[in-house]
Structure formats: structure tokens, C-alpha cells
Amino acid sequence: MRINRWVCILGLSGALALTAPPAGRSAVLLNHEASLEGDTHEDQLYSEATKAIDEGRWSDAEPLLEQVLGLHGHKSDAAVYWKAYVENKEGRPSDALETCASLRQNYPQSNWLKDCSALEIEIKGKSGSPVQPQAEQDEDLKLLALSSILEGDNSNSLPILERVLQGQDSERLKERALFVLAQNQSKQGQELLGQIVRGEKDPNLQIKAIRLLAAAQGSRSASTLESIYGKSNDPAVKKAVLDSYLEMNDPEKLMQAAQHESDPQLAHHAVSELGAMGAVSRLSEIYRATSSKELKSAILNAYVAAGSKGADALGAIAASEQDPELRRKAIRNMGPIGGASAIPALLAIYSKSSDEESKRAATDALFVAGDAHDLVALARSEKDPAAKKNIVSKLAVMRNKEATDYMLELLNK
């Protein structure tokens, strides 16, 4: 095997002419060969150690890592980190912290320093001594330090959160601090969150805090949010409160906002949220009570958001609404949500309507519902050329056998 190696390095003729390599050159090559063999052994040990870690065999992994460290090779810094990791898993957090400290001291340029810092943050967070996020230079480690506060009973975490929220850190970090604060059930924590929610602290955080408050406290935050809505003049803040009512599944609060809000856009947003909630009865109540055509139009769209629950309400409005524009909109909106169940009502509207626009609205809805069969029947029976042309134009773009057959029938006439 040694001769073959020399053949590769010196060439066949030179190798055969020598019974042994020159002394000086032999030492270099042998050292190089030993180095390669050492790397191979180190890599093998490291691979076996990490495999044991993957499989949760901590007691097998640690002696393998010690052997890697004893070789002082290119895997040494990685082995130090994994040793700390294993020590923590074995319930020896103090040893893990000491091992991470040795990595920082002996390998100050190691790529594994960030991983060890993350491990230290996790350990200290669970021990009730959370790392100050400001002490970390890396943004991801700062976020991890904040998250670690949730891991244990950190009675001293509130000052840390407050410093982050009032400091010069990034919006990303402040939003994370807000999330952690929302989980803090202490009286002081809730007071601080309330101050931010009311806009008494950083106004840029108020909207995010409103949403977090609703997510964390649910219906318990309703009175606070209602107070904020009533006192605020900021449409963005009010919209955040309306979104929170949806999060809390509180149709009553949304209904009150829709009925009493002077800003049309906010009132429309409130009914849109009611539609997303499927609160059809509340929408119908507002529709009957309001005289605003714009709000009624927004409610007709909200019925679509409510899905199949809104089909009957749209049918009732399509049959009784006196305002022609609203009636036509109700008819058109039956198509997307009514499906097959809306078809009889749409056909009845088509046959009974005296105005062409309502008829057109009904055919629009049948087209959206994909009802080629009834559109073909209407085209066959329609005597008005303009109305027939409107129906045929819809059939022409429908990928349906009945529609295609009817197109061929017209071409063959």
C-alpha cells in the first residue's frame, strides 16, 4: 500500500527505481499521510457522536466527543458545542455553561459560538435568570433571549421587557417583547400592556398591542377595547379593535360599531367582519335598520363573505328590495354563494322581472353559478334579441358540453 502511494506521487519509473524514498521527503509524506488518516478517524468519531445525539443516546455521545477533542483537529470547536448540548440534555446545565465558556475562550472565531450562546440563553431562561436581550449583539439571539423568558418562572422579567419596549431596539424585537408581555399574567404586566394598548407608551406599538391583547385575553379584553374604540380618533386603531372583535368572536360589538360609526369606511369594515364571522342575522338586522345605501351595499357584499349562510338573505332582498341598484346587486351576489340551491330563485326572478337590468343580473348570477343548462333554456325561449345576445355571450365562454352543443346549433342554422 505504501509503494502504491509513492507510485501516485513520484510516477511509476521513479518509484520503481527506489527501494525507499529519500529521508527528508519521506518524513514530509509520512506526516501528510498521518494527518489524512487522523482527519479520517476524527471525522468518523464525530459522525458517530452526532448520530448518537440524533438518536438521543447521550451517554454514548459524550465519550465519543471526548475522543474528538483529544485529537485537537478541525472538529474540536464543534465537539465542544455538542458536548455542552449533551451535558444540558443529561441534566447538567452548570457543566454545559462551563463548556460553552471554554468554547468562547479557546475558539474565539468559531462558527459554533452563536449556537453556544443560544444554548446559554435557553439554560439561563429555564433557571429563572434570563439573559438581558440588550447584552446580545445578534438580533436572532436577542429574540431568543426574549422567548426564553416564557420558559420559566421569571419574576424579574418585567423590567427586561419594559427596557426593550422603551428602548431603541428594532420593531421586530419590540413586537416579540409585546408578545411575551401579553403572556405575563401578573398585575404589573397587565398594567404595562394596558398602557401600551391605550397608546400611553409608544404609539407605534398600540395597534400590535391591541391585537395581542385580544388574542391573549379573549372576551376579558372586550371592555378595554370598547373604551379604546370610543376614545380614539385614529381610524387605524379603530380598525384594529374591529379586527379584535372578530378574533374574539363578538358580533354584538361589531354590530354596535356598524350602526353607530360615523366613518363610513369603518362601518363597512365592521359589517365585513360580521360577514367573515357568518353573523347573517346581525347583518340582516342592520340592513333593515339603516337608511344608508352605501352601508346596505356593503352588507350585500358581507353576505357573500358569509358563504352559504347568506344565500337566503340575499334571495329575500332580491325579491323585496325597492331600490333597483341594491336589488340587482343582491341578485348578482346570489351566484357566487347560492350554488344549485339559488337557481330556482334566480329563474323566478328572471321570469318575473320587468326591467332588463334585473334580468341581466339574474343571468350574470346563473353564469357565475355555472348553470349552462338553464342559460341554454333561457336563450331558446328569449324573444328579445338584446337579452338573447347577452345570454349567448355567456354561454360562448363556458366550458360545458350543453353550451358547446348550443353554439354549434346556432352555427348550423
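Predicted model only: the values in this text are computed from it and were never measured.

A. Representation of the side chain of Glu321 in the model. As for its position among the elements, Glu321 is in the loop between helix H19 (311–320) and helix H20 (324–338). Here Glu321 is buried and forms no salt bridge, its nearest opposite-charge partner Lys296 lying at an N-O distance of 4.3 Å. Those residues in contact with Glu321 that lie beyond four places of it in its chain are Tyr287, Lys296, Leu326 and Arg327.

B. Layout of the packing of aromatic side chains. Taken as a whole and assessed by the stated rule, the structure comprises six aromatic pairs. Where Trp82 meets Tyr85, the ring centres are 5.3 Å apart and the plane angle is 80°; that geometry is what we call edge-to-face. Separated by three residues within a single helix, Trp82 and Tyr85 lie in helix H5 (residues 76–89), roughly one turn from each other. Above the face of the Tyr46 ring, Lys75 is positioned so that its terminal group lies 4.7 Å from the ring centre. Over the aromatic face of Tyr287 sits the side chain of Lys296, whose NZ or CZ is 4.9 Å from the ring centroid.

C. Molecular detail of the environment of Met398. Along the chain, the position of Met398 falls in the loop between helix H24 (385–395) and helix H25 (401–411). For Met398, a relative accessible area of 12% corresponds to the buried category. For the pair Met398 and Ala372, spaced 26 residues apart in sequence, the C-alpha to C-alpha distance is 7.4 Å.

D. Molecular detail of helix H23 (residues 372–381). For H23, the set of buried residues is Ala372, Asp374, Leu375, Val376, Leu378 and Ala379. Summarising the contacts, the buried residues of H23 are in contact with helix H21 (343–352), helix H22 (356–368), H24 and H25.

E. Quick peek at the packing of H21 against H22. At a minimum axis separation of 8 Å, H21 and H22 run at an interaxial angle of 155°. Considering their axes alone, H21 and H22 lie roughly antiparallel with respect to each other. The element H21 and its partner H22 pack so that their crossing is left-handed. Mapping the contact onto sequence places Ile343, Leu346, Leu347, Ile349 and Tyr350 in H21 and Lys359, Ala362, Thr363, Ala365 and Leu366 in H22. A breakdown of the residues in the contact of H21 with H22 according to their chemical character gives eight nonpolar, one polar and one charged.

Calculation notes
- Residues numbered from 1 in each chain as written.
- Predicted model: local features only at pLDDT ≥ 70, side-chain atom pairs only at ≥ 80, totals over all residues.
- Heavy atoms only, no water.
- Helix = DSSP H or I, 4+ residues; strand = E, 2+ residues; numbered from the N terminus.
- Buried < 20%, exposed > 50% of the residue type's maximum accessible area, 1.4 Å probe, protein only.
- Lys, Arg positive; Asp, Glu negative; His and termini not counted.
- Salt bridge = Lys/Arg side-chain N within 4 Å of Asp/Glu carboxyl O.
- Contact = heavy atoms within 4.5 Å.
- Phe/Tyr/Trp six-rings, centres within 6.5 Å; stacked < 30°, edge-to-face > 60°.
- Lys NZ or Arg CZ within 6 Å of the ring centre and 35° of its normal.
- Axes fitted to C-alpha atoms, helices over the stretch in contact; angles between N-to-C directions.
- Parallel < 35°, antiparallel > 145°, perpendicular 65-115°, else oblique.
- Left-handed = near helix turned anticlockwise from the far one by under 90°.
- Nonpolar A, V, L, I, M, F, W, Y, C, P; charged D, E, K, R; others polar.

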